[in-house]
Amino acid sequence: MPHSLHTPLSPVARPFAAPPPESAGYPGGVAAASLLPLAELVPAMSAPCRMHPSVDLIGAELAGWAREAGLEAPPRAGFERMAGRAFAGFGVEAALLFAKWLTWLFHFDDEWDEKPAGRAAEIVEATFARLDLVARAPVHASSPVETAFAGLWEITAGRMSTRWRHRFLAGLAAQGEACRTEAENRCAGRVPSPAEYPRLRRGTAGPYLFDLVEPCLGVEVPAGLRESTTWRTLVDACNDVTAWCNDVASHHKERANGDVHNYVTVAATAFGLSDGAAVTWVNDRIAARAEDLRISARRLPALFDRFELSIGQAREVSKVACAFLAAPRAQLEWLLESSRYDVP
């Protein structure tokens, strides 16, 4: 089972120097090889994740659902393996639901990264307005993306309070605003500055993705705790670490597509760095943000006491926090084995 946050979360004593991905048993990973130094920079990313014992079943169920939804992922996308690592100590249903949302989100994300719609602010606005409408009222879905969203939303929202549903929809709106800003940047030929990029990237990553940990685990974080500085830092740091790792892995592909919305490109442009130096700069930022994640997690037991959570409540909320702590290494391993960011 995951660690309890009422017991110490011990870092791994001896981070290893990770071998090249092809010798470590990863079928892909060339695009993500620049992330390997993080195994030494971040103790929590040095030890391999456990894998969910039913990952093959989860993968088969996910593939069938994706085919029916019209969201088939490319070969070796491996979203079930990312979810299987992040939810290794939980039930099949939790990992499968998260894997479905990941599949939907990455399919949806490609609309803006790789297609003309990503340059049209009015299309961005209309698309997100439709999703908000689908979530708030029974309407006829007009595309596979909307149909899949409606099905996932019905399953997920039914488990949660009105407050959580409003939080999810606020995160969806935040993603819409960030995607609109990206569209405007693309049209203007503008590269975001290093100061503005982290917040923009946090929006395009899909803030609601991190809210989805709660319904997947059948837990709702109490409102006061959820809005505390410590918890918000925990969530935002997890978002930043995973988004910036994604940027390092994807920057060759995104550069080939002409997209400047990547932390490596932002750093290289702002500071006049080579690709290698820009990757090193971003990896250092990832390591620092991972430390923010660790520190926030260490502060949670005291926060649980301040909010007078019962032992049972603290145990349940700790499950959510531990999923955030597992996410960076889970994503690193997924990036090393997925073909998603290979450049043809």
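Before reading further, recall that the structure is shown in the block above.
Residues numbered from 1 in each chain as written. Predicted model: local features only at pLDDT ≥ 70, side-chain atom pairs only at ≥ 80, totals over all residues. Heavy atoms only, no water.

Glancing now at the packing of helix 13 (residues 263–271) against helix 14 (residues 275–306). In contact at an axis separation of 8 Å, helix 13 and helix 14 are set at 115 degrees when each is read in the N-to-C sense. Remark: the crossing between helix 13 and helix 14 carries right-handed chirality. Across the interface between the two elements, Tyr263, Val264, Ala267, Ala268 and Phe271 from helix 13 touch Asp275, Ala278, Val279, Trp281, Val282 and Arg285 from helix 14. A per-class count over the contact of helix 13 with helix 14 returns 9 nonpolar, no polar and 2 charged. (Axes fitted to C-alpha atoms, helices over the stretch in contact; angles between N-to-C directions. Helix = DSSP H or I, 4+ residues; strand = E, 2+ residues; numbered from the N terminus. Left-handed = near helix turned anticlockwise from the far one by under 90°. Contact = heavy atoms within 4.5 Å. Nonpolar A, V, L, I, M, F, W, Y, C, P; charged D, E, K, R; others polar.)

Here the structure, examined in full by the defined rule, presents 24 salt bridges. One salt bridge in this structure joins Glu337 and Arg85, with 2.9 Å as the shortest N-O distance. Of the two residues, Glu337 sits in helix 15 (residues 311–337) while Arg85 sits in helix 3 (residues 79–86), which places them 252 residues apart along the sequence. Residue Glu337 is classed as buried on the basis of its relative accessible area of 10%. A salt bridge links Arg136 to Asp132; its shortest N-O distance comes to 2.8 Å. Of this pair, Arg136 and Asp132 both sit in helix 5 (residues 121–136), 4 residues apart, which is roughly one turn of that helix. Residue Arg136 is classed as exposed on the basis of its relative accessible area of 54%. In the salt-bridge network here, residues are joined through shared partners; they are Arg81, Arg85, Arg329, Glu333 and Glu337. (Salt bridge = Lys/Arg side-chain N within 4 Å of Asp/Glu carboxyl O. Buried < 20%, exposed > 50% of the residue type's maximum accessible area, 1.4 Å probe, protein only.)

Attention shifts here to empty space enclosed by the protein. Under the defined criterion, the tally for this structure stands at 1 cavity of 30 Å³ or more. Quantified by volume, the largest cavity comes out at close to 580 Å³. Forming the walls of the largest cavity are 40 residues, and the residues nearest its centre are Phe106, Ala205, Leu209, Asn246 and Gln331. Going through the elements one at a time, helix 3, helix 4 (92–113), helix 7 (162–188), helix 8 (197–204), helix 9 (208–211), helix 12 (229–256) and helix 15 are the ones with two or more residues in the lining of the largest cavity. It is helix 12 that contributes the most residues to the lining of the largest cavity, 9 residues altogether. When its residues are assigned to classes, the lining of the largest cavity shows 21 nonpolar, 8 polar and 11 charged. (1 Å grid on protein atoms, 1.4 Å probe; cavity = no way out; pocket = protein on both sides within 12 Å on 5 of 7 lines; lining within 4 Å. Points joined across faces, edges and corners; volume = space filled by probe spheres on them.)

What follows deals with helix 3. Within helix 3, 7 of the 8 residues are buried, leaving the element largely enclosed by the surrounding structure. Burial in helix 3 covers these residues: Phe79, Glu80, Met82, Ala83, Gly84, Arg85 and Ala86.

The next point concerns unusual backbone geometry. Positioned with a positive phi, Glu308 is a non-glycine residue whose angle comes to about 55 degrees. Within the fold, Glu308 resides in the loop between helix 14 and helix 15.

Just geometry here; none of it tells us what the structure is for.
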